[in-house]
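Coordinates in review
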Amino acid sequence: MEKNKVMKSVMMKMTILMGLTMSFVLSLVGTLLGGHFSIPGWIISFLVSLVISLIIGFVVPIKKVTDSACKKAGVEPASPKGNFLSALVSDLIYTPVITVIMVIVMINGAKRNIPEEVLAQGGGPSVARVLPISLIVCLIVGWIVIAVIQPVYIKYLTKNLGPGGPNGPGGPGGSGRPDGPGKPGGPEA
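Conventions we followed
- Residues numbered from 1 in each chain as written.
- Predicted model: local features only at pLDDT ≥ 70, side-chain atom pairs only at ≥ 80, totals over all residues.
- Heavy atoms only, no water.
- Helix = DSSP H or I, 4+ residues; strand = E, 2+ residues; numbered from the N terminus.
- Buried < 20%, exposed > 50% of the residue type's maximum accessible area, 1.4 Å probe, protein only.
- Contact = heavy atoms within 4.5 Å.
- Areas by Shrake-Rupley, 256 points an atom, 1.4 Å probe, with all protein chains shown as cover.
- Core = buried A, V, L, I, M, F, W, Y, C linked by side-chain atoms within 4.5 Å.
- Salt bridge = Lys/Arg side-chain N within 4 Å of Asp/Glu carboxyl O.
- Expected span 1.5 Å × (residues − 1).
- pLDDT = per-residue confidence, 0-100.
- Patch = residues over 30% accessible without salt bridge, like charges linked within 9 Å, V, L, I, M, F, W, Y side chains within 5 Å.
- Bend = angle between axes of the 7 residues up to and from the residue.
- Axes fitted to C-alpha atoms, helices over the stretch in contact; angles between N-to-C directions.
- Left-handed = near helix turned anticlockwise from the far one by under 90°.
- Nonpolar A, V, L, I, M, F, W, Y, C, P; charged D, E, K, R; others polar.

The number of helices and strands found in the protein chain is six helices and zero strands. From first element to last, N terminus to C terminus, the protein chain shows the α and β order α-α-α-α-α-α. Burial analysis of the protein chain (189 residues in total) assigns 33% to the buried set. Nonlocal contacts in the protein chain, meaning residues at least 24 apart in sequence, comprise 67% of its contacts between residues at least 6 apart. When the accessible area of the protein chain is evaluated, it comes to approximately 11,400 Å², of which 70% is carbon and sulfur surface.

A few words now on the nonpolar core. Within soluble globular proteins, side chains that are nonpolar tend to cluster in buried spots. Met14, Met18, Met22, Leu26, Tyr94, Ile98 and Ile146 are the most contacted members of the largest nonpolar core, which has 21 residues in total. If one sorts the elements of this core by residue count, helix H1 (residues 3-33) sits on top with eight residues.

For the rest of this paragraph, the subject is the pattern of salt bridges. What the rule picks out here adds up to one salt bridge. Salt-bridge contacts for Asp67 lead to Lys63; the nearest nitrogen and oxygen are separated by 2.9 Å. Separated by four residues within a single helix, Asp67 and Lys63 lie in helix H3 (residues 62-73), roughly one turn from each other. Exposure remark for Asp67: the relative accessible area of 24% places this residue in the partly exposed category.

Looking now at H3. Over its 12 residues, H3 runs 16 Å from end to end, which matches the ideal 16 Å to within 8%, given 1.5 Å per residue. A positive phi of about 75 degrees marks Gly74, the residue just after H3.

On to the confidence of the model for the protein chain, then. With 78% of its residues at a pLDDT of at least 70, the protein chain reaches an overall mean of 79. Taken element by element, the predicted model of the protein chain shows its lowest mean pLDDT in helix H5 (residues 116-120) (67) and its highest in H3 (91). The low-confidence segment residues 164-189 (pLDDT under 50) makes 30 contacts with residues lying over four places distant or belonging to another chain.

Looking at the element boundaries, Asn83 is found in helix H4 (residues 80-111). Looking at Asn83, the relative accessible area reads 17%, which means it is buried. Taking the C-alpha atoms as reference, Asn83 lies 8.4 Å from Gln150; in sequence the two are 67 residues apart.

Now for a nonpolar patch on the surface. Together, Leu32, Phe37, Ile39, Ile43 and Leu47 line one region of the surface with nonpolar side chains, adding up to about 460 Å² of accessible area. If you tally residues by element for the nonpolar patch, the top one is helix H2 (residues 39-59), at three residues. Tracing the sequence through the fold places Ile39 in helix H2.

Our focus in this paragraph is helix H6 (residues 127-158). Of all the bends in H6, the largest measures some 30 degrees and sits at Ile149, one to four residues before the proline Pro151. Those residues of H6 lying buried are Val130, Leu131, Ser134, Cys138, Gly142, Val145, Ile146, Ala147, Gln150, Tyr153, Leu157 and Thr158.

Helix packing geometry: the angle between the two helix axes and the distance between the axes. Their axes nearest at 8 Å, the elements H1 and H2 cross at an angle of 145 degrees. Crossing handedness for the pair H1 and H2: right-handed. Together, Met12, Thr15, Ile16, Gly19, Leu20, Met22, Ser23, Phe24, Ser27, Leu28 and Thr31 of H1 and Trp42, Ser45, Phe46, Ser49, Leu50, Ser53, Leu54, Gly57 and Phe58 of H2 make up the contact between the two elements. Its residues placed into classes, the contact of H1 with H2 shows 11 nonpolar, nine polar and no charged.

The structure is reproduced here in structure tokens:
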């Protein structure tokens with residue numbers, strides 16, 4: 001495969017892995033913050049969050065955005081500072097959208113279980129009361145998860161792409177040779 005196809009494949013796999021991870025964690029945190037954890041509620045939250053995450057991941061060029069932020073900040077994207085900045089930028093793209101939608105879904109679900117009289121008097125949960133705390137907690141948790149997990153996924157997805165990952169010498173083949181690294185007894189021996 002040529003380098004562009006390899007990179008597209010890595011980015012697509014990265015989008016799916018990060019979407020699954022962020023959806024799992026944020027839906028779990030959101031459901032626990034809601035005060036009433038249930039497996040069906042969490043599964044619905046996870047699936048809705050996953051769909052949102054994948055749409056964002058396939059529409060927004062996250063790598064370009066995070067690399068641009070690192071360049072403007074004067075840090076190398078692969079450095080620890082670059083990792084934390086990239087995680088923050090990714091978090092600010094994904095988490096608010098997912099959190100707002102999940103809070104609205106949660107409140108609408110909760111209102112189905114509250115008597116009409118209570119709702120008519122202004123009782124029950126509201127977006128204005130629930131969203132600020134949920135957003136703050138999810139932004140912090142999301143940033144930590146992205147900062148810790150993303151480098152692990154990148155390393156896993158690029159481990160067979162040769163020295164230095166996808167941009168290393170020789171690209172996908174690893175050594176610059178069409179037949180791979182030198183064989184024992186070959187010209188390098």
